[in-house]
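# Coordinate analysis (summary)
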Amino acid sequence: MAPTSPAKNLLAKNLLAKTLLAKNALVLVTMDGARREIPGGGLYVEDGRIVAVGPAHELPASADEVIDLTGHVVLPGLVNTHHHMVQSLTRAVPAAQDSELFGWLRALYALWAGLTPQMVETATLTAMAELILSGCTTSSDHLYIYPNGVRLDDSIRAARRIGMRFHAARGAMSVGESQGGLPPDRVVEDEGFVMADTRRLIDAYHDPARFSMLRVVLAPCSPFTVSEDLMRETAVLARREGLRLHTHLAENDSDIAFSFKTFGKSPTDYVRELGWVGPDVWHAHCVKLDDPGIALFAATGTGIAHCPCSNMRLGSGIAPVKRFRAEGIPVGLGVDGSASNDGGHMLGEARQALLLQRAAFGPDALTARQALEMATLGGARLLGRDDIGALAPDMAADFVAFDMSAPAYAGALHDPVAALIFCAPQQVALSVINGAVVVRDGRLATIDLPAVTRAHNAMAATLAAQAG
């Protein structure tokens, strides 16, 4: 690949490059219906859409921009289905290093109460940069805390700056400690305001069109932070507007105990009675989903965002992904919040999913290619997308390339596709989103990442100081 140019010049070039040809890949992984893997493969792009995929002799010989990917494995851009990007400001906080979910949340609410709009934008840029460099091209983000004038618009502004395909989830917490919820009263919102703001966001931002770069998701935070009324109203609005629904569910033993104590029912019965099942719904975690819940999700096409690193970090347990998949439940991957994972590497999350399933259920519980499928097609399905997750004609030109000459892959080139999962996770050499080069030669082209990181670290220190 050509030497990296300044970000502004690269962006201008991308706007002018109506056609793009990527060629000579060591292997191009299509994730198409036949799951083709094409040695020496490439793809041809026009106006952000894939026109042709195949070996060199089947592709045009020239384009406005030509990228030689000799020695690289090319994949569809990875899809992250669960995140809390503001949490990148509170990684490895000492008070929350060794707690389970509820204790971890109580330790961090005080810090998150100090968030400002600028902090949210900067944290989102940082989290998105980390994701993009790990191979992710599309991400959902679940923002559920809105102090000090914070709005979901702050996250959306960051996504537009960095060039990521984005599903912005309007989260909410409305039931504080005084009403039996988990969060402090000072960080919850009025439910009437939540619904009005959600309506505003849909009207201002949601783009349902194919190849959309921005969609809005409705996402009350969890059973222990919102009322049943808000869950019901949100589901009604989402279905009236054709939007998707997302929340946390059955994450750990405390979560299950809260559901029985507060509602007198299991999380499965809770979501079933509120209308929170169906192919337009996906739930994060589901580590403790019971047998009736598994049957319900399978019968209704309800999806699950599997977050293995977070589940291990908080000691929540091991979600039975092998069983979910065998039952036909849609499963994607999520890195989850940067304070419960302390990282946001999508390829690393796919690797961890494979290792954790094998640790619990045997060496054939998940293969490398199944892990990649969850990270691509699986994520696309949860987000309701038929235009990402695979490299084929009339799909979005979202693809990434990994340089297999890295020392981490030495000795693994008998199966370079599997090597991406079995070997230590690396960063991308190239990332193209919507036909635009966002990472070239391993460097992010759309923002000044060192400057963003410096600002981010200063903001993290401010948050910690404010919370004492």
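Residues numbered from 1 in each chain as written. Predicted model: local features only at pLDDT ≥ 70, side-chain atom pairs only at ≥ 80, totals over all residues. Heavy atoms only, no water.

### A word on the pattern of salt bridges
Under the counting rule described, the total for this entry stands at 30 salt bridges. The partner of R440 in a salt bridge is E65, and the shortest N-O contact between them spans 2.7 Å. You can see R440 sitting in strand β18 (residues 436-440) and its partner E65 sitting in strand β6 (residues 65-68), a full 375 residues away along the chain. One salt bridge in this structure joins D415 and R369, with 2.8 Å as the shortest N-O distance. Of this pair, D415 sits in the loop between β16 (399-403) and α14 (416-422) while R369 sits in helix α13 (residues 368-382), and the two are 46 residues apart along the sequence. Among the ionic contacts, a cluster of salt bridges with common partners joins R151, D153, R170, E189, D197 and R200. (Salt bridge = Lys/Arg side-chain N within 4 Å of Asp/Glu carboxyl O. Helix = DSSP H or I, 4+ residues; strand = E, 2+ residues; numbered from the N terminus.)

### What about the sheet that holds strand β1 (residues 19-23)?
Spatially, the four strands line up as an open sheet ordered β5-β4-β1-β6, and their pairing is mixed. Looking at the sheet topology across the chains shown, the edges are occupied by β5 (49-55) and β6. On average, adjacent strands in this sheet sit at an angle of 15° to one another, irrespective of strand direction. As paired strands, β1 and β6 are joined by four bridges and run parallel to one another. (Pairing = 2+ DSSP bridges. Axes fitted to C-alpha atoms, helices over the stretch in contact; angles between N-to-C directions.)

### Side note on the state of the cysteines
Here, disulfide denotes a covalent bond that connects the sulfur atoms of two cysteines. A full pass over the atoms with the stated rule returns zero disulfides. Left without a disulfide partner, C286 is nearest to the cysteine sulfur of C307, which lies 9.5 Å away. The class of C307 is buried, set by a relative accessible area of 0%. (Disulfide = S-S within 2.5 Å. Buried < 20%, exposed > 50% of the residue type's maximum accessible area, 1.4 Å probe, protein only.)

### Quick notes on the nonpolar core
Counting residues in hydrophobic clusters, the biggest one holds 149 residues, and the most contacted among them are F324 and F399. Looking at which element gives the most residues to this core, the answer is helix α3 (residues 117-133), with 10 residues. Sequence-distant contacts of F324, that is, excluding residues within four places in its chain, are made with C286, L289, I294, I304, A319, I329 and V331. (Core = buried A, V, L, I, M, F, W, Y, C linked by side-chain atoms within 4.5 Å. Contact = heavy atoms within 4.5 Å.)

### Let's talk about the pairing of strand β14 (residues 303-306)
Burial of the side chains of β14 extends over both faces: G303 and A305 are buried on one face and I304 and H306 on the other. Across three bridges, strand β13 (residues 281-285) lies against β14 in parallel orientation. Looking at the pairing, H283 lines up with I304 of β14. In terms of handedness, the path from β13 via helix α9 (residues 291-300) over to β14 forms a crossover that is right-handed. Of the pairings in the sheet, the one linking β14 to strand β15 (residues 331-333) comprises three bridges and is parallel in character. Among the inter-strand pairings, H306 is bridged to a residue of β15, identified as L333. (Right-handed = clockwise from strand over helix to strand, strands pointing away.)

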